[in-house]
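Examining the three-dimensional arrangement
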Amino acid sequence: EAKDKLDMRVRERTAELARVNELLKRDITERKRAEECVKAERQRFNAVLEMLPAYLLLLTPDYQVPFANRFFRERFGESHGRRCFEYLFGRSEPCEICETYSVLKTMMPHEWEWTGPDGRNYHIFDFPFTNIDGSTLILEMGIDITDRKRAEKEIQKLNKELEQRVNERTTQLAIANKELQDSQAHLRIALSEKETLLKEIHHRVKNNLQIIYSMLNLQLPYIKDRQAIELFKESQNRVYSMALIHEKLYQSKSLAKIDLAGYIQSLTANLFLSYGMSERIIKSKISVENLTLNIDTVIPCALIINELVSNSLKHAFPSGSTGKTGEIRLDLRHDAANKFILTVSDNGIGLPEGFEIENCNSLGLKLVSVLVKQLNGVISLNTSNRTEFMIIFTELRKERSRK
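Notes on the structure in this doc start here. Small disclaimer: the values here were computed from a predicted structure and weren't measured. (Residues numbered from 1 in each chain as written. Predicted model: local features only at pLDDT ≥ 70, side-chain atom pairs only at ≥ 80, totals over all residues. Heavy atoms only, no water.)

**Remarks on the packing of helix 8 (residues 295-316) against helix 9 (residues 363-374)**
Under the convention used in this document: All axes are obtained by fitting lines to C-alpha atoms, using only the stretch in contact for helices, and the reported angles, taken between N-to-C directions, cover 0 to 180 degrees. For the purposes of this entry, the term helix denotes a DSSP run of H or I that reaches at least four residues, the term strand denotes a run of E that reaches at least two, and both are numbered from the N terminus. Here the word oblique covers every angle except those under 35 degrees (roughly parallel), over 145 (roughly antiparallel) and from 65 to 115 (roughly perpendicular). Crossing handedness follows the turn of the near helix against the far one: under a right angle anticlockwise gives a left-handed crossing, and clockwise gives a right-handed one. Contact criterion: two residues are considered in contact whenever any of their non-hydrogen atoms come within 4.5 Å of each other. Ten residues, namely Ala, Val, Leu, Ile, Met, Phe, Trp, Tyr, Cys and Pro, are considered nonpolar, four, namely Asp, Glu, Lys and Arg, are considered charged, and the remaining ones, Gly among them, are considered polar.
In contact at an axis separation of 9 Å, helix 8 and helix 9 are set at 155 degrees when each is read in the N-to-C sense. Between helix 8 and helix 9, the angle is such that the two are roughly antiparallel. For the pair helix 8 and helix 9, the crossing hand works out as left-handed. Across the interface between the two elements, P300, L303, I304, E307 and L308 of helix 8 pack against G364, L365, L367, V368, L371, V372 and Q374 of helix 9. Of the residues belonging to the contact of helix 8 with helix 9, the class tally is 9 nonpolar, 2 polar and 1 charged.

Okay, here's the thing in structure tokens:
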């Protein structure tokens, strides 16, 4: 019985030892697996550090370099137990300009720039770092910024050159602008003198035409022939129409254009006065758009108006012909094609049957045909309701003389 109990205990102890042994085996396997994982992670981490395009190292408080990645080793070599200032610069004491170890005083990250023994510039980031044994180290990362700084210097140089060129060009433009302003001032003076001279010329031409007008007027009482008197009056009106143009030019702000509305009003009023016509007997209705024409166009246009209105005043309303009030209409406008349309009409007795402008013997109407051609225009006659002359023309342009 005692032997059986002993055998049972032996078997139980053996089973217990087997279980413990199994647990130990399992624990060792898991530990090995964990160690392999840690080793793999460390290798991966070291590979990452080795592949960084910047240097990374650890520094001890006594200037030792326990770790440096491949970037640092390839640039500056192995420390072989030497302190950083010894193997980097061959010094016996720490560098005075080094800012790395200020991190141990402040225990705060620090950022600065450093020129390495290879002459290149590095942007440095220093951090306080706690080692696995609890000691304090410095983790330093350096990024090569030499090419960037060179590019910045080149950009600064180019900016300076560009700024200098801009200043030079600005000075040149200022000089050119001053010369242009001086030239414009001279041109304004010359233009003002020219305008004054032209106005004086128009004034003198107007005075000379008025003298001719006055001489014709003085000669008129000595003429007894009725037809000759009519010819004198027609000549006077033509002279007056041209004199009035020069007077308007003399008074106008622009020597190139004439205000047609005011001019035609004055011209028509003089014709009524010349033929002794009262507004009670014959009324004038004038409609002129706000137009301005150059003198080369105004002169033939004015003479056409003079001849057609004179023709109506002389022939359309013989005394006692009608009981109604006479009316002369004058209309001047331009259309969408920039053509000018001049219409002169009356409600008088009308023209003889079969009348044609091309074949008439009237000097005034022959002159109208010549002037219409001068304006590169066309004239038409409508007698269906009123006697109406319509002239369509364009403004004449001066062609520059060619040398």
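**Some points on the sheet that holds strand 12 (residues 387-393)**
Note on sheets: strands pair through backbone hydrogen bonds, and any given pair is parallel or antiparallel. Test applied: Pairing between two strands requires that DSSP report at least two bridges joining them.
Strand order in the open sheet made by the 5 strands is 7-9-10-12-11, with mixed pairing throughout. Strands with a single pairing partner mark the edges of an open sheet, and in this sheet they are strand 7 (282-288) and strand 11 (378-382). In this sheet, adjacent strand axes meet at a mean angle of 10 degrees when their direction is disregarded. Summarising the sheet, strand 11 and strand 12 pair through 5 bridges and their orientation is antiparallel. In the strand pairing of strand 12, I379 is matched with I391.

**Section: a nonpolar patch on the surface**
Formally: Surface patches are drawn from residues lacking salt bridges whose relative accessible area is over 30%; two like charges belong together within 9 Å, two nonpolar side chains (Val, Leu, Ile, Met, Phe, Trp, Tyr) within 5 Å. Method for areas: the Shrake-Rupley scheme with a 1.4 Å probe, in which residue coverage is limited to the protein chains shown. One side-chain nitrogen of Lys or Arg within 4 Å of one carboxyl oxygen of Asp or Glu is enough to make a salt bridge. Each residue gets one of three labels from its accessible area relative to the maximum for its type: buried under 20%, exposed over 50%, partly exposed in between, using a 1.4 Å probe on protein chains only.
The grouping of V20, L24 and I28 at the surface amounts to a nonpolar patch, some 240 Å² of accessible area in total. Residue placement: L24 occurs in helix 1 (residues 2-51). For L24, a relative accessible area of 47% gives the class partly exposed.

**Concerning the environment of E78**
Keep this limit in mind: We define a polar contact as two N or O atoms separated by no more than 3.5 Å, with the added condition that, inside protein, one atom must be a possible hydrogen donor and the other a possible acceptor, whereas residues neighbouring each other in sequence contribute only through side-chain atom pairs.
The topology assignment puts E78 in the loop between helix 2 (70-76) and helix 3 (84-89). Accessibility expressed as a relative area gives 42% for E78, which makes it partly exposed. Sequence separation between E78 and R386 is 308 residues, and the spatial gap between their C-alpha atoms is 119 Å. Look past the residues within four positions of E78 in its chain and what remains in contact with it is R73 and Y87. A polar contact is formed between the side chain of E78 and the side chain of R73, at a distance of 3.4 Å.

**So, the sheet that holds strand 3 (residues 110-115)**
What the 5 strands build is an open sheet, ordered 2-1-5-4-3; its pairing is antiparallel. Either end of the sheet is taken by a strand with one partner, and the two such strands are strand 2 (67-68) and strand 3. Pairing geometry for strand 1 (residues 55-59) and strand 2, over 2 bridges, is antiparallel. Within strand 2, the residue paired with L58 across the bridge is F67.

**Some words on unusual backbone geometry**
The residue H80 is not glycine, and still its phi comes out positive at about 50 degrees. With respect to the helices, strands and loops of the structure, H80 is situated in the loop between helix 2 and helix 3. You can call H80 exposed: its relative accessible area is 67%.

No statement about biological role is implied by the geometric values presented.
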